[in-house]
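Descriptive structure summary
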Amino acid sequence: MKKQFGMTGHEVMLPTFIVYGVAITVSVFGGSVPMLFFNKGWEVYRARMTAIPCPTCSLKRP
């Protein structure tokens, strides 16, 4: 990390924490999206396939 980004020791901790923290949060709460559709009476397959593009639709596009 030092050679590529000029970061050492504790400087690496915050960016690493942010990346892993976001991944864990999205992983945990992402499973609830298809359940919302399923609880509304949708079929399981349709609910799961509809939930897949939801996070990508919310990304800001240039």
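Parameters at a glance
- Residues numbered from 1 in each chain as written.
- Predicted model: local features only at pLDDT ≥ 70, side-chain atom pairs only at ≥ 80, totals over all residues.
- Heavy atoms only, no water.
- Phe/Tyr/Trp six-rings, centres within 6.5 Å; stacked < 30°, edge-to-face > 60°.
- Lys NZ or Arg CZ within 6 Å of the ring centre and 35° of its normal.
- Helix = DSSP H or I, 4+ residues; strand = E, 2+ residues; numbered from the N terminus.
- Axes fitted to C-alpha atoms, helices over the stretch in contact; angles between N-to-C directions.
- Parallel < 35°, antiparallel > 145°, perpendicular 65-115°, else oblique.
- Left-handed = near helix turned anticlockwise from the far one by under 90°.
- Contact = heavy atoms within 4.5 Å.
- Nonpolar A, V, L, I, M, F, W, Y, C, P; charged D, E, K, R; others polar.
- Expected span 1.5 Å × (residues − 1).
- Buried < 20%, exposed > 50% of the residue type's maximum accessible area, 1.4 Å probe, protein only.
- Patch = residues over 30% accessible without salt bridge, like charges linked within 9 Å, V, L, I, M, F, W, Y side chains within 5 Å.
- Areas by Shrake-Rupley, 256 points an atom, 1.4 Å probe, with all protein chains shown as cover.
- Salt bridge = Lys/Arg side-chain N within 4 Å of Asp/Glu carboxyl O.

One pass over the structure, following the stated rule, counts 1 aromatic pair. It is Arg46 that lies over the ring of Trp42; its NZ or CZ is 3.9 Å from the centre.

With respect to the helices, strands and loops of the structure, Lys2 is situated in helix α1 (residues 2-5). For Lys2 and Val12, which are 10 residues apart along the polypeptide, the C-alpha to C-alpha distance reads 9.3 Å.

Attention shifts here to the packing of helix α3 (residues 32-39) against helix α4 (residues 44-51). At a minimum axis distance of 8 Å, the contact between α3 and α4 shows a crossing angle of 140°. Here α3 is positioned oblique relative to α4, judged by the angle of their axes. Crossing geometry of α3 relative to α4 is assigned as right-handed. Taking contact as the criterion, the partners of Val33, Pro34, Phe37 and Phe38 in α3 are, on α4, Val44, Ala47, Arg48, Thr50 and Ala51. Of the residues in the contact of α3 with α4, the class split is 7 nonpolar, 1 polar and 1 charged.

For helix α2 (residues 10-30), spanning 21 residues, the distance from its first C-alpha to its last is 30 Å, which sits close to the expected 30 Å at 1.5 Å a residue. Buried residues are scarce in α2, accounting for 1 of its 21 residues.

The next thing to look at is a nonpolar patch on the surface. A surface patch of nonpolar side chains, amounting to about 520 Å² of accessible area, comprises Leu14, Phe17, Ile18, Val22 and Val26. Among the secondary structure elements, Phe17 is positioned in helix α2. Judged by relative accessible area, Phe17 falls into the exposed class, the value being 63%.

Here the focus is the environment of Gly30. Checked against the element boundaries, Gly30 lands in helix α2. For Gly30, a relative accessible area of 35% translates into the label partly exposed. Sequence spacing of Gly30 and Ala51 is 21 residues, and the spatial spacing of their C-alpha atoms is 8.5 Å.

Moving on to the environment of Val44. Within the fold, Val44 resides in helix α4. Considering only alpha carbons, one finds Val44 and Pro34, 10 residues apart in sequence, at a separation of 8.0 Å.

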